[in-house]
Structures are given as structure tokens and as C-alpha cells.
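Topology and contacts: notes
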Amino acid sequence: MEEEARLFADIAEFLGSVRVQLDHWFQEEGNFTHSFVGEERKTLAPSEFWEVQDWSQWEAKPRDEVEEKVRRAYFVDGRMRIHARIIAGTTVILLGEIVAGYSEWDAEKGISMGFSPQERPLLRRVLGVPHELLQGQIIEKRDLDLGEGFIFQLEESTRVPRDAQAGETSRQAFFNALSRLERDVVIDLLNRGFPVIKDGILPTSDRLLSFRPGVGPVGMVKRIEQVPLLPVGAESLFLLNRGERTPFVSVLSGEDPSLLKVFSYLKLVAREEHHPWKGIVRLEVVVRKDDFASVKDDISVFFNEIAWFLPTLTGDFPWRRLPENLFPIIALEDYLGQFFAASPWVQYLWQKKFWGENQ
């Protein structure tokens with residue numbers, strides 16, 4: 001017989017009923033950047049949505065033939081910190097924070113942050129919970145208030161990220177929440193008239209992120225481990241030199257058939273025989289299928305301009321995941337990390353909430 005749903009006044013009452021325990025073996029993970037995994041299955045669009053029909057005829061345009069037009073750009077990224085790992089029976093719950101913001105690169109002034117202690121980046125406190133733990137329960141108040149102004153928003157997930165440990169579905173809840181937070185930052189920047197580069201993939205189902213000439217936004221995927229759906233073999237990428245890119249192709253959106261994701265591979269550093277993958281990133285924009293013909297040339301120009309200036313913002317030496325991790329993104333990661341709370345303090349508030357001062 002199916003168990004009757006119970007009514008709880010808030011998420012704290014429910015967690016108390018399942019006798020949650022702070023995992024005392026958990027050590028603070030510190031600041032770490034996220035990486036989106038498990039991208040949706042894609043289908044290559046017909047060749048009418050490619051830059052060129054025959055890749056074998058493509059010659060990457062040398063850097064000295066591309067006009068330097070980009071004088072300012074915005075870089076968007078997010079970070080997360082897990083403060084505590086909570087055990088509820090055999091289920092893992094995660095308590096942490098996410099933050100998203102942007103850095104601004106100016107050809108004259110260099111790199112600056114788009115936030116300050118007075119005007120802070122977007123920050124959310126998250127309680128990541130597997131969906132099945134709450135299934136069948138009725139919870140009137142879904143935010144967890146630990147006191148001292150620390151309120152954590154309940155975020156459920158049903159999918160396990162590929163890089164999760166011990167099947168922690170709750171970790172995907174943080175990725176989902178961070179994706180939305182970064183999206184808010186990107187959308188706020190689009191009307192400023194300069195390129196917006198988002199670290200990581202662009203969601204294929206969001207029309208508000210559709211390509212605008214000279215602006216984007218453009219997703220920059222830094223970790224290239226496989227290159228599915230190319231008209232030719234991956235070896236063509238290894239022939240690229242600094243500032244050169246492949247012709248773009250398009251894939252169909254699995255969520256919105258009216259949208260395309262258009263992508264091109266870019267080489268950030270000089271070609272090396274023994275390190276063929278070094279400095280290869282993927283640039284991608286989202287385009288309405290009906291608009292493709294009218295913006296095709298604009299996309300080509302935009303990718304050429306991005307390919308010109310991104311290599312000037314990195315270096316080829318072993319530091320902080322260079323060359324793919326650009327200097328404006330490294331600076332942004334460092335500054336964003338300063339806005340997290342201290343994990344021992346959050347853990348103390350949790351213990352005080354559920355077990356009292358002396359536990």
C-alpha cells in the first residue's frame with residue numbers, strides 16, 4: 001500500500017523527521033569552478049546551416065587579415081562552494097553557496113570586476129536534495145533558515161552528474177541553480193553593445209540567449225575531450241594555429257526545434273606537435289532557425305573577431321589551467337571566491353539548528 005503523504009510546516013521539520021546528520025568526515029572543498037557535464041544529445045543540422053558546404057576547401061583566415069574591432073568585452077562565470085555534506089539515512093544532501101558575476105576587459109584599461117563589496121555579485125545559498133527524498137511529502141515552507149541571515153533555498157534534482165561522487169544527485173542541483181544564475185548575469189549584459197563571453201556551454205533551449213550581431217552571447221567551452229558531429233575528423237583541429245578557427249556548423253536543439261546551436265573550434269596558442277589538444281576551445285552561439293540566413297554573415301564576422309582577441313588574453317605556461325583559462329576568467333574566479341561564507345560557521349549554524357548549542 002502506498003504511504004500517505006505527510007504535511008510538514010517547513011523543510012527543517014522534514015529534515016528533523018529523517019534524523020539528518022552532519023557528515024563529520026567531510027572536509028571543506030574550498031573554492032572550485034564548475035564544469036557542465038552531460039550535455040544533451042545533438043543531431044547535426046543540414047549543411048545549409050553550416051558556414052561552408054565542404055570543410056576540405058576551408059582555409060582559416062590569418063590573424064593579420066582580420067580587423068581588430070573588439071575593444072571591450074564581458075566575461076561571465078560562476079563558482080560554488082559546498083559547506084557541508086548531510087546524511088539522511090543513505091541519502092546525501094549538500095549545503096552550499098553559488099555565486100555568479102562578470103569581469104570587464106577593456107583594450108585601454110585592462111581587466112576590472114563588474115561588482116564590489118558595495119554592489120555584490122549574484123549569490124544564492126542552496127540546499128541540494130535528491131528529488132526522491134521529498135517525493136510524496138507536502139512541505140509548506142521550502143527555504144531552510146539557519147539564523148543569522150543564512151537562508152538556503154531548496155533545489156531538487158533527479159539527475160546524477162557524471163563527475164559526482166557516491167551517486168550524489170544533490171550535486172546536480174547546484175549545477176542547475178548556478179546555470180540559472182549565470183544566465184541572469186548574461187541577460188543583464190546583452191544591451192551594453194559589447195561581446196559577452198560566458199564560460200561553459202550555452203543552453204540550447206533559451207530564446208533570450210539568441211545571437212545578436214557583435215554581442216553574442218557566446219559560450220566558450222574550455223575542456224575539449226571529444227568532438228562529435230564534425231563533418232571531418234578531429235585531426236583537422238590539430239592543424240589550426242594561434243587565432244585560427246574551424247568553419248562553423250550547427251546542431252539541432254533537442255528541446256526547442258526552432259533553435260540551432262552554432263559552433264566553431266578556436267586555437268588559442270601556437271600549434272605544437274606533441275600537444276595537439278592544447279589551447280583548443282569551442283565557441284558556440286544560439287540562433288533561431290528562421291533567422292539563420294539573415295545573420296549567417298554576422299556570425300562569421302563575430303567568430304573572426306572573437307578568434308582575433310581571445311588569444312591575446314592568455315599565456316602558454318603551466319599556471320591556473322592556462323592557456324584555456326583566460327586571464328579575465330582567472331581574475332573573476334578569484335574575486336568571486338571572496339564572497340563565500342566560511343564553511344565552519346555554516347556547519348555550526350546547522351548543528352545549532354538541529355541539535356542545539358552543545359552538540
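For the structure given in this document, a descriptive report is provided here. Numbers given to residues run from 1 along each chain, matching the order in which its sequence is written. For a predicted model such as this one, the threshold for reporting local features is a pLDDT of at least 70, and the threshold for listing and counting side-chain atom pairs is 80 or more; totals across whole chains, interfaces and linings nevertheless cover every residue. Side-chain figures throughout are based on the complete set of non-hydrogen atoms in the structure, without hydrogens or water.

**Looking at the overall build of the chain**
Looking only at helices and strands, one finds six helices and 16 strands in the chain. The rule is simple: take the accessible area with a 1.4 Å probe, protein chains only, and divide by the maximum for that residue type; under 20% is buried, over 50% is exposed, in between is partly exposed. In the chain, buried positions account for 51% of the 359 residues. Here the contacts in the chain between residues at least 6 apart in sequence split such that 71% fall between residues at least 24 apart. When the accessible surface of the chain is split by element, carbon and sulfur atoms take 47% of a total near 17,500 Å². Secondary structure elements follow DSSP: runs of H or I of four or more residues count as helices, runs of E of two or more count as strands, with numbering from the N terminus. Whether two residues touch is decided by their heavy atoms; if any such pair falls within 4.5 Å, the residues are in contact. All accessibility values rest on the Shrake-Rupley procedure with a 1.4 Å probe; residue burial counts only the protein chains present in the view.

**Regarding the packing of aromatic side chains**
Aromatic pairs are defined between Phe, Tyr and Trp rings, using the six-membered ring for Trp, whenever the two ring centres lie within 6.5 Å; interplanar angles under 30 degrees are classed as stacked, those over 60 as edge-to-face, and all others as tilted. Throughout the structure, instances matching the rule amount to 14 aromatic pairs. Seen in terms of ring centroids, Tyr74 and Phe194 are 6.4 Å apart; in terms of plane orientation they differ by 75°. Their pairing is edge-to-face. In this pair, Tyr74 sits in strand 5 (residues 72-88) while Phe194 sits in the loop between helix 3 (169-189) and strand 12 (196-199), placing the two residues 120 residues apart along the sequence. On the numbers, 5.2 Å between centres and 20° between planes, the contact of Trp105 with Phe309 is stacked. Of the two residues, Trp105 is situated in strand 6 (residues 91-106) and Phe309 in helix 4 (residues 292-309); the sequence distance between them amounts to 204 residues. Each member of the pair, Trp105 as well as Phe309, carries the same accessibility label: buried. Through a chain of ring-to-ring contacts, three or more aromatic side chains come together here, namely Phe49, Phe211, Phe248, Phe292, Phe302 and Phe303. The rule for a charge over a ring is simple: NZ of Lys or CZ of Arg within 6 Å of the ring centre, and within 35 degrees of the ring normal. When the ring centre of Phe150 is taken as origin, the NZ or CZ atom of Arg125, which lies over that ring, is 4.1 Å away. In this structure, Arg320 packs its charged tip against the face of Trp319, placed 5.5 Å from the ring centre.

**So, the pattern of salt bridges**
Any Lys or Arg side-chain nitrogen located within 4 Å of an Asp or Glu carboxyl oxygen qualifies as a salt bridge. For the coordinates displayed, the defined rule picks out 20 salt bridges. With a closest N to O distance of 3.2 Å, Asp316 and Lys278 form a salt bridge. In this pair, Asp316 is assigned in the loop between helix 4 and helix 5 (327-337) and Lys278 in the loop between strand 15 (259-267) and strand 16 (280-288), connecting sequence segments 38 residues apart. A residue is classified by how much of its surface remains accessible, and Asp316, at 39% relative accessible area, is partly exposed. Residue classification places Lys278 among the partly exposed positions, given a relative accessible area of 23%. Put simply, Arg320 and Asp334 hold a salt bridge, and the shortest N to O gap is 2.8 Å. Residue Arg320 is located in the loop between helix 4 and helix 5, and its partner Asp334 is located in helix 5; the two are separated by 14 residues in the primary sequence. Using a relative accessible area of 28% as the deciding quantity, one classes Arg320 as partly exposed. A network of salt bridges, in which partner residues are shared, links Arg320, Arg321, Glu333 and Asp334.

**Some words on the side chain of Ser264**
By secondary structure assignment, the location of Ser264 is in strand 15. The exposure class of Ser264 is buried, given its relative accessible area of 0%. Of the polar contacts made by the side chain of Ser264, one reaches the backbone oxygen of Thr246; its length is 2.6 Å. Apart from the residues within four sequence positions on either side, Ser264 is in contact with Arg245, Thr246, Pro247, Phe248, Val281, Arg282, Leu283 and Phe303. As used in this structure description, the phrase polar contact means that two N or O atoms lie within 3.5 Å; if the pair is within protein, one of them must be able to donate a hydrogen and the other to accept it, and residues adjacent in sequence are counted only when both atoms belong to side chains.

**Looking at the environment of Ser343**
With respect to the helices and strands, the residue Ser343 is situated in helix 6 (residues 343-355). Relative accessible area serves as the criterion here: at 1%, Ser343 is assigned to the buried category. Remark: the alpha-carbon pair of Ser343 and His83, spanning 260 residues in sequence, is separated by 4.7 Å.

**Some remarks on helix 6**
One turn of the α-helix equals 3.6 residues, which is why residues spaced by three or four share an orientation. Expected helix span is taken as 1.5 Å per residue step, with the number of steps being one fewer than the number of residues. For helix 6, which comprises 13 residues, the first-to-last C-alpha distance of 18 Å matches the rise-based estimate of 18 Å (1.5 Å per residue) to within 8%. Within helix 6 the residues assigned to the buried category are Ser343, Val346, Leu349, Trp350 and Phe354. Taken down its axis, helix 6 places every buried residue within 125° of arc, on the same side. Looking at the buried residues of helix 6, the elements they touch are helix 1 (11-17), strand 2 (21-22), strand 5, strand 6, strand 10 (143-145) and strand 11 (151-157). Just past helix 6, the residue Gly356 takes up positive phi, approximately 90°. Arc definition: it is the arc formed by the directions from the helix axis to the C-beta atoms.

**A word on unusual backbone geometry**
Backbone torsion omega between Gly216 and Pro217 reads 5°, so that peptide bond is classified as cis. Tracing the sequence through the fold places Pro217 in the loop between strand 12 and strand 13 (218-221). Cis peptide bonds are those with omega within 30 degrees of zero, and the linkage from Leu322 to Pro323 qualifies with 5°. Looking at the secondary structure, you find Pro323 in the loop between helix 4 and helix 5.

**Quick word on the nonpolar core**
Throughout this description, the term nonpolar core refers to a set of buried Ala, Val, Leu, Ile, Met, Phe, Trp, Tyr and Cys residues connected via side-chain atoms within 4.5 Å. Within the largest apolar cluster, 33 residues are counted, with the highest numbers of intra-cluster contacts made by Phe75, Val285, Ile299, Phe303, Phe309 and Leu310. Every element with two or more residues in this core is listed here: strand 5, strand 13, strand 15, strand 16 and helix 4. No other element matches helix 4, which puts nine residues into this core. Residues within four places of Val285 in sequence aside, it is in contact with Leu202, Phe211, Pro217, Val218, Leu260, Lys261, Val262, Ile299, Phe302 and Phe303.

**Here we look at the side chain of Ser250**
Relative to the helices and strands, Ser250 is located in strand 14 (residues 249-252). By relative accessible area, Ser250 is classed as buried at 0%. Looking at Ser250, its side chain comes within polar contact range of the main-chain oxygen of Phe49, at 2.6 Å.

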